Amino acid sequence: MNANVNLLSDRVLLNNYLSGDRSAISELIERHSQRVRSYIAMMVKDDDIADDIFQETFIKAVKVIDEGRYTDSGKFLSWVLRIAHNRVLDHFRREKNSHTINEKEAGYDMFSTIKLAEGSVEDNMVHSEMQATIRSLVAALPAEQREVVEMRYYAKLSFQEIADETGVSINTALGRMRYALINLRKMIAEKKIVLS
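Residues numbered from 1 in each chain as written. Predicted model: local features only at pLDDT ≥ 70, side-chain atom pairs only at ≥ 80, totals over all residues. Heavy atoms only, no water.

> Whenever I open this one, the nonpolar core confuses me. Can you help?
A general feature of soluble globular proteins is that nonpolar side chains tend to end up buried together. Grouped together as the largest cluster of nonpolar side chains are 47 residues, with contacts concentrated most on Val36, Tyr39, Ile40, Ile65, Phe76 and Trp79. Broken down by secondary-structure element, the contributors of at least two residues to this core are α1 (2-18), α2 (23-44), α3 (47-66), α4 (76-97), α6 (118-139), α7 (143-154), α8 (159-166) and α9 (170-190). Apart from the residues lying within four places of it in its own chain, the contact partners of Tyr39 are Leu81, Ala84, His85, Glu150, Tyr154 and Ala155. (Core = buried A, V, L, I, M, F, W, Y, C linked by side-chain atoms within 4.5 Å. Buried < 20%, exposed > 50% of the residue type's maximum accessible area, 1.4 Å probe, protein only. Helix = DSSP H or I, 4+ residues; strand = E, 2+ residues; numbered from the N terminus. Contact = heavy atoms within 4.5 Å.)

> Help me understand the pattern of salt bridges in this model?
Should their charged atoms come close, side chains of opposite charge can pair. If you walk through the whole model with that rule in mind, you get 11 salt bridges. Put simply, Glu67 and Lys63 hold a salt bridge, and the shortest N to O gap is 3.8 Å. Lys63 sits in the partly exposed class, given a relative accessible area of 47%. Of the charged contacts, one joins Arg87 and Asp90 as a salt bridge, the two residues approaching to 3.4 Å between their closest N and O atoms. Placement of the pair is Arg87 and Asp90 together in helix α4, with a separation of 3 residues, close to one helical turn. With relative accessibility at 25%, the residue Asp90 sits in the partly exposed group. Here the residues in one salt-bridge network are Glu56, Arg87, Asp90 and Arg93, joined through shared partners. (Salt bridge = Lys/Arg side-chain N within 4 Å of Asp/Glu carboxyl O.)

Fair warning: the whole summary comes from geometry, so function is off the table for now.
This is the structure in structure tokens:
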């Protein structure tokens, strides 16, 4: 019931915005900003980049709404998360095509590590390497499995939300997750990766 109230509120805010209430879009963005920002930050692991992608995401969303291209299906948050996801993918494509990387992207930042104790520097590097390994394994999954894993673990969507968003039954969404986990375990075993 609570979800329906939120969906209705999103729809009402969108209608108010389209009817000329400019503050309605700010309220709508504010309502979903934490979830969208958390998803982006989880994917890119860099606050400055996450802030940029967060802004790009909502600029794109408002532009699509202003142009009358948004079809309200009662899934505003899922739609915005999909825009965010595409922006994150664009970021990684650009990064892959770039031949230079900065220290932060390499997994460590000289200036911030100087302030840390020796043990925690090592812990942070191991953690960063492990996150990068996991991201590369997830990226190697078939598209449908990768989508479910990203929506579940990075966007924190429920299986019902994933099913609704991808247009499949909840059993299909669960099945894709099961196969994704099987494939991840296989890749970990084949590559002899140790996740500590």
